[in-house]
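# Report on the structure
Letter by letter, the chains look like this.
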Amino acid sequence: IVFYLLMRKHAKGLESRQMLEALAKIGIAGLALAAVCVAAHFSILAAWDKFGFLLRVASLVATILGAGGVFFAVAVFLNVAGIDDLAALLKRKFARSGPG
């Protein structure tokens, strides 16, 4: 942030508005990710100390995948710059039918 503030004087056209919009959108997606993590903490991870190793791994992986999926979905919904390239790549990858 300090570097950005210093460079604003010397470099015109840093597109502050677009940068703040992107930061806000990523922040909203981050809040959704955090909400999933908190929900998991109070639900599937509540009995963490009683879990065996494999159940700990499975519940933690499920939480991470779920939170990442929610982050990605919210970012796509909010049209975060750059995420559309990843979404298009994933659509092409999973849209292929048949082997090969």
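Only a predicted model underlies this, so the values are computations on that prediction, with no experimental measurement involved.

It is worth spelling out the pattern of salt bridges at this point. A full pass over the atoms with the stated rule returns 2 salt bridges. A salt bridge links Arg17 to Glu21; the nearest nitrogen and oxygen atoms lie 3.3 Å apart. Of this pair, Arg17 and Glu21 both sit in helix H2 (residues 16–42), separated by 4 residues, roughly a single helical turn. Residue class for Arg17 comes out exposed when judged on its relative accessible area of 59%. The class of Glu21 is partly exposed, set by a relative accessible area of 35%. Between Lys50 and Asp49 there is a salt bridge, and its shortest N-O distance comes to 4.0 Å. Like Asp49, Lys50 is exposed.

Counting residues in each nonpolar core, the largest one holds 5 residues, listed as Ala29, Val74, Ala75, Val80 and Ile83. Those residues within four positions of Val74 in sequence are excluded, and the remaining contacts are Ile28, Ala29 and Ala32.

Further remarks concern the environment of Phe72. Within the secondary structure, Phe72 is located in helix H3 (residues 53–77). By relative accessible area, which is 22% here, Phe72 ends up partly exposed. Between the alpha carbons of Phe72 and Ala87 there is a distance of 8.7 Å; along the sequence they are 15 residues apart. Beyond its immediate chain neighbours, meaning those up to four positions away, Phe72 contacts Ile83, Leu86, Ala87 and Leu90.

Criteria and cut-off values
Residues numbered from 1 in each chain as written. Predicted model: local features only at pLDDT ≥ 70, side-chain atom pairs only at ≥ 80, totals over all residues. Heavy atoms only, no water. Salt bridge = Lys/Arg side-chain N within 4 Å of Asp/Glu carboxyl O. Helix = DSSP H or I, 4+ residues; strand = E, 2+ residues; numbered from the N terminus. Buried < 20%, exposed > 50% of the residue type's maximum accessible area, 1.4 Å probe, protein only. Core = buried A, V, L, I, M, F, W, Y, C linked by side-chain atoms within 4.5 Å. Contact = heavy atoms within 4.5 Å.

These figures come from the coordinates and say nothing about function on their own.
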